[in-house]
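This is what each chain is made of:
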Amino acid sequence: MNPNRKQQQYIILFVALLLLFNFPLLSIYNKASLVNKVPLLYRYVFLAWLASILLLFAITETRKEKERRDE
């Protein structure tokens, strides 16, 4: 994959995380409700965090795979 495309993916991920963990979206989930005995805000933060880790892993692994093929 093109290195510029990888940089674009990292930048898009950064901007998405910046939006996910800032005021407008966090205030939506900051309610006094429980989902399976877990506050809604905590559930949102941990699921968004898990999704960000998985996306970063996917981007990084495709990069390593491409580098192995080029060798």
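For clarity, every value in this text was computed on a predicted model and none was experimentally measured. (Residues numbered from 1 in each chain as written. Predicted model: local features only at pLDDT ≥ 70, side-chain atom pairs only at ≥ 80, totals over all residues. Heavy atoms only, no water.)

Caption draft 1: Focus on the overall build of the protein. Looking only at helices and strands, the protein has three helices and two strands in total. Along the protein, helices (α) and strands (β) appear in the sequence α-α-β-β-α when read from the amino end. A compact globule built from 71 residues would reach a C-alpha radius of gyration of about 11 Å, whereas the protein, at 16 Å, exceeds it by more than 25%. With respect to the principal axes defined by its C-alpha atoms, the protein has extents near 55 × 25 × 10 Å. Taken across its 71 residues, the protein has 8% of its residues classed as buried. In the protein, once contacts between residues fewer than 6 apart in sequence are set aside, the share between residues at least 24 apart is 53%. Accessible surface, the protein: about 5900 Å² in total, of which carbon and sulfur atoms supply 67%. Charged side chains of the protein number 10 positive and 5 negative; the gap between the two group centres comes to 15 Å. (Helix = DSSP H or I, 4+ residues; strand = E, 2+ residues; numbered from the N terminus. Rg over C-alpha atoms; globule rule 2.2 N^0.38 Å. Buried < 20%, exposed > 50% of the residue type's maximum accessible area, 1.4 Å probe, protein only. Contact = heavy atoms within 4.5 Å. Areas by Shrake-Rupley, 256 points an atom, 1.4 Å probe, with all protein chains shown as cover. Lys, Arg positive; Asp, Glu negative; His and termini not counted. Charge placed at Lys NZ, Arg CZ, Asp CG, Glu CD.)

Structural measurements only, silent on function.
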